[in-house]
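# Structural overview for review
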Amino acid sequence: MTSLRVSNRPKVYRRSPKSRGEAPKINPEEWRGKLEPLSPWSDLEAVKTEHEYPSIPLTEIESVYSAEKEFTHMVQQLHSIFMKAGNMAKVSGNALTVEESMVFADNYHDLIRQTMNDLADRTDVSPHVGDAMVVGDIVWGLIEGLLIRPQNRSVVADLIEWAQSTFPQASKYFNEVQSLAATTLRVEDDPIYWHSVLAQISVGQTKSAAAVLQMSSNYRNNINMQRMVTLLAAFNVNALHSSDEAGDSFRAAQRQVHDNLHHFVDDEALVLMCRLLIGDTDAFKKLSTVLDRPWYELMPGYILYTNATASMNDLYELVHDLFKLIGTAESQFSIDLLNEVIFLLSRTEWIQAIKHVSSVPSLVWLSVHLFDLLIKTEVSFLTEEVEVIHDDIFGAYSRLLFRNFNDFSSVEAAVTYGQAAYNPERSEFVDPWLTITVNNYLQQKDVTSAENCFNLAQCHGFIDSPNKISQGISHFFLLQRDWARAITWAMRNENLDIINSVCYFILSNAPPGELKDMHVFKDQPPTNESEALVFLHNFHLFHASLEPLDVAKCTQLLHNLIINQLAPPAFMHVLFDNLARVIDATNKVLERQPLLNVKAVESLQHCVVLYQAQSEVRAECFQHIDEAIHKYNPRMAHLHAVLSTALAQALLWYRAPRHH
């Protein structure tokens, strides 16, 4: 390359905004209209219609997924457990052992309980959220207790464990009686004392019931109380898991109570206890009145004392009998839902039970994770009919999370659950819904979430959304006149037409001073796939080299832009004007060695002549360029004059003898 030396820095010549190529100031609506051809959202409404994206806002019950931070956090953690269970299942043909499923079930249930407790501490929680968490806790525990257990366990003992862990009244009463006993002489005179005894019996905690009796002030002198404590000690609910003989032992304990009933005829409370222990239905009817608890809280105790060795096949009749006995006719949404779910489960119709739960938007999360865990635990459950129900529930949950897009983690989860469909056709909505979500983010100026969606789309191997999203983000930055980030996102698009359009828009509207500072090209040098991008890159380098007056680099860039036929004619005058200004300034410094040697000037002249020749050819092919060419001729004449002067000075300097 010809060696060039700068003899002196010329004065900075400042042009008017128009001559500098700065974008004219227009109002936002005009600017938006100017960018409309580059927007990917022109068919957005058609996409929403085609893929059934609702046009109406979320209802209050649908918006629970973003209404409370605790609920949103739960959704994130549910997704995390779901992913861990899925990864573990992949190792074994998408299946989990019962023991593995029990661990994940406990993780899910602990999370549900924690969220329910966190929300219970607040007074401003939406009732939809509160109801959802209570129902979720009850249903999860019941299905876990009935279906995610080894086969050799007692379903009755599992129901008792569910009651003990789900309904806190018995534990609450026990703690209160303990506190009273420490400060009161006759704790048995307080109604809560006997309520506590009955509550312990109702959930199979006979040892706790005996402990409460022993807190009585006259226990040592009360033979009936001592006899009752002895009778209670014979009951062992946990032993029902171990063998069939445990059932015989349990019934033997009940016979002892029956045989000793006559000892308690003068003590109404002890008589009621005895009748409960032997499964007397009238006693349970009275118990429901005394404790004022819904029928399903008493259901495990009722089944325990009426048929301690009941199997799954016996449950429906027992549940139906108890509901007829103490079930309430009062209609309340959560109660009605629980009633129906319990009846379906007692008939072993667990799929219908989960489907019924999923009909409530605020409980779809519960159905999804129960369904997934049950399918992974027992693969034989999976039939074509079950697959359809599975995909419908997962699709409904995915759509709800997409629409509650305030937190990106919800969108990330939405994609995961939507892609979990067994039939790929039932997950086709995920790609366009992700694109719609990005539009929602950009309307809120949440670029970070939009960018995260692009990475998510690429991670899942989506075809359409990455290009649509990158175009949308590029369009957003063009609206903000953030040229560097606009071109960065355009470069991530696989459609060359989009890249070229963005490049030419920037060339037409970005001031040269801003083009000079587009450092994006330092990190992402363009390939030759897009001529417009390569030209924009060189255009940037040209302006960047003007400030330090790197004329050698300017010359080389100008040569490349012309010889490689990359430069649109409309932009050449800007290059020539700047170059003429730099050389003209150096020509006026006569006392020092010229900036350009002869070969360098001749190279520039050759480039300019070649450009003019190409312009004439283009003018013949494209008549609309003709006017632009004539417009630039005066500038070209000026450039020729400047170069001629530079050549003359170079000839005189380099060929004249030098005296030292």
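Owing to the predicted nature of the structure, the values given are computational and were not obtained by experimental measurement.

### Some remarks on the overall build of the chain
Regarding its fold elements, the chain presents 33 helices and 0 strands. The buried share among the 660 residues of the chain stands at 51%. Long-range pairs, those at least 24 residues apart, make up 71% of the contacts in the chain between residues at least 6 apart in sequence. Accessible area for the chain stands at about 31500 Å²; split by element, carbon and sulfur atoms hold 50% of it.

### Some details on unusual backbone geometry
In this model, Asp-292 sits at a positive phi of 55 degrees, which is unusual for a non-glycine residue. Take Asp-292: it is sitting in the loop between α14 (281-291) and α15 (295-306). One non-glycine residue with positive phi stands out, namely Arg-481, at about 60 degrees. Within the secondary structure layout, Arg-481 lies in the loop between α24 (465-479) and α25 (483-490).

### Some words on helix α23 (residues 447-459)
The terminal C-alpha atoms of α23 lie 18 Å apart, and with 13 residues this matches the ideal 18 Å at 1.5 Å per residue to within 8%. Regarding α23, the residues found buried are Val-447, Ser-449, Ala-450, Cys-453, Phe-454, Leu-456 and Ala-457. The elements touched by buried residues of α23 are α21 (408-418), α22 (430-443), α24 and α25. Of the residues trailing α23, Gly-461 is marked for its positive phi of about 70 degrees.

### Digging into helix α16 (residues 315-326)
Taking 1.5 Å of rise per residue, 12 residues should cover 16 Å, and α16 covers 17 Å from first to last C-alpha, within 8% of that figure. Those residues of α16 lying buried are Leu-315, Leu-318, Val-319, Leu-322 and Ile-326. Buried positions in α16, seen along its axis, are confined to an arc of 95 degrees and lie on one side of it. Turned more than 90 degrees off the buried face of α16, the exposed positions are Glu-317 and Lys-324.

### Digging into the pattern of salt bridges
Taken as a whole and assessed by the stated rule, the structure comprises 20 salt bridges. With a closest N to O distance of 2.9 Å, Asp-482 and Arg-485 form a salt bridge. Classification of Asp-482 as partly exposed rests on a relative accessible area of 22%. Taking the relative accessible area as the measure of exposure, Arg-485 reaches 43% and is therefore partly exposed. The network of salt bridges with common partners includes Glu-144, Arg-149, Arg-153, Asp-158 and Glu-161.

### Regarding the nonpolar core
Counting residues in each nonpolar core, the largest one holds 183 residues, and the members touching the most others are Tyr-65, Ile-303, Trp-365, Leu-434, Ile-487 and Ile-506. In terms of residue count, the dominant contributor to this core is helix α6 (residues 127-147) (10 residues). No fewer than three residues from each of domain 1 (162-308) and domain 2 (495-655) sit in this core. Leave out the neighbours within four places in its chain, and Tyr-65 touches Phe-71, Thr-72, Val-75, Pro-361, Ser-362, Leu-363, Val-364, Trp-365, Tyr-397, Leu-400, Leu-401 and Asn-404. Counting 22 residues, the second-largest nonpolar core is a separate cluster that includes Leu-557, Val-598, Leu-604 and Ala-646.

### Remarks on the packing of aromatic side chains
Tallied over the full model, the rule gives 29 aromatic pairs. Considering the side-chain rings of Phe-82 and Tyr-417, the 4.7 Å spacing of their centres and the 45 degrees angle between planes classify their relative orientation as tilted. Pair noted here: Phe-82 is in helix α4 (residues 69-90) and Tyr-417 is in helix α21, with a separation of 335 residues, a long-range link. Each member of the pair, Phe-82 together with Tyr-417, is buried. Put simply, the rings of Tyr-65, Phe-71, Phe-82, Trp-365, Phe-394, Tyr-397 and Tyr-417 touch in pairs and so form one group of aromatic residues. Positioned over the ring face of Trp-433 is Arg-399, at 5.7 Å from the centre of the ring. The ring of Trp-489 has Arg-492 sitting right over it, with the charged end atom 4.1 Å from the ring centre.

### Quick word on the side chain of Ser-465
For Ser-465, the position within the fold is in helix α24. Side-chain polar atoms of Ser-465 contact the side chain of Asp-431, separated by 2.4 Å. If sequence neighbours within four positions are ignored, Ser-465 has contacts with Asp-431, Leu-434, Thr-435 and Ala-457.

### Quick notes on the environment of Lys-324
By the secondary structure assignment, Lys-324 is in helix α16. Separated by 29 residues in sequence, Lys-324 and Trp-295 place their C-alpha atoms 9.7 Å apart.

### Quick notes on the packing of α6 against helix α17 (residues 333-346)
Between α6 and α17, whose axes approach to 11 Å, the crossing angle comes to 5 degrees. Between α6 and α17, the interaxial angle falls into the category roughly parallel. Residues Val-135, Ile-138, Val-139, Leu-142, Ile-143 and Leu-146 of α6 touch α17, and the partners they reach there are Ser-334, Leu-337, Leu-338, Val-341, Ile-342 and Leu-345.

### Quick look at the environment of Thr-645
Its location among the elements puts Thr-645 in helix α33 (residues 626-655). Accessibility expressed as a relative area gives 37% for Thr-645, which makes it partly exposed. Between the alpha carbons of Thr-645 and Ile-583 there is a distance of 9.4 Å; along the sequence they are 62 residues apart.

### Focus: the side chain of Gln-605
Take Gln-605: it is sitting in helix α32 (residues 598-621). With residues near it in sequence (within four places) discarded, Gln-605 still touches Leu-643, Ser-644 and Leu-647.

Reading guide: rules and limits
Throughout, a residue's number is its position along its own chain's written sequence, starting from 1. Predicted model: local features are reported for residues with pLDDT of at least 70 only, side-chain atom pairs are reported and counted for 80 or more only, and whole-chain, interface and lining totals are derived from all residues. In computing side-chain values, all of the structure's heavy atoms are included and hydrogens and water are not. Segments assigned H or I by DSSP are reported as helices when at least four residues long, segments assigned E as strands when at least two residues long, and all are numbered from the N terminus. Accessible area is worked out with a 1.4 Å probe on protein chains only. A residue is then buried under 20% of its type maximum, exposed over 50%, and partly exposed in between. Note on definitions: a residue-residue contact is assigned when non-hydrogen atoms from the two residues lie within 4.5 Å. Only the protein chains shown count as cover for residues, with accessible areas throughout obtained via the Shrake-Rupley method and a probe of 1.4 Å. The span one expects for a helix is its residue count, reduced by one, times 1.5 Å. The directions considered for the arc run from the helix axis to the C-beta atoms. Salt-bridge detection follows one rule: a side-chain nitrogen of Lys or Arg within 4 Å of a carboxyl oxygen of Asp or Glu. Throughout this description, the term nonpolar core refers to a set of buried Ala, Val, Leu, Ile, Met, Phe, Trp, Tyr and Cys residues connected via side-chain atoms within 4.5 Å. Boundary definitions for the domains trace back to an automatic or database domain assignment. Note on aromatic pairs: the rings of Phe, Tyr and Trp (six-membered ring only in Trp) are paired at centre separations within 6.5 Å, and the planes decide the class, stacked below 30 degrees, edge-to-face beyond 60, tilted for the rest. Should the NZ of a Lys or the CZ of an Arg lie within 6 Å of a ring centre and within 35 degrees of the ring normal, that charge is described as sitting over the ring. Pairs of N or O atoms within 3.5 Å make up the polar contacts considered here, provided that, within protein, one atom can donate a hydrogen while the other can accept it, and that residues adjacent in sequence are counted only when both atoms are side-chain atoms. In this analysis, axes come from line fits to C-alpha atoms, helices being fitted only over the stretch in contact, and the angle between any two N-to-C directions falls in the range 0 to 180 degrees. The scheme is simple: roughly parallel for angles under 35 degrees, roughly antiparallel for over 145, roughly perpendicular for 65 to 115, oblique for anything else.

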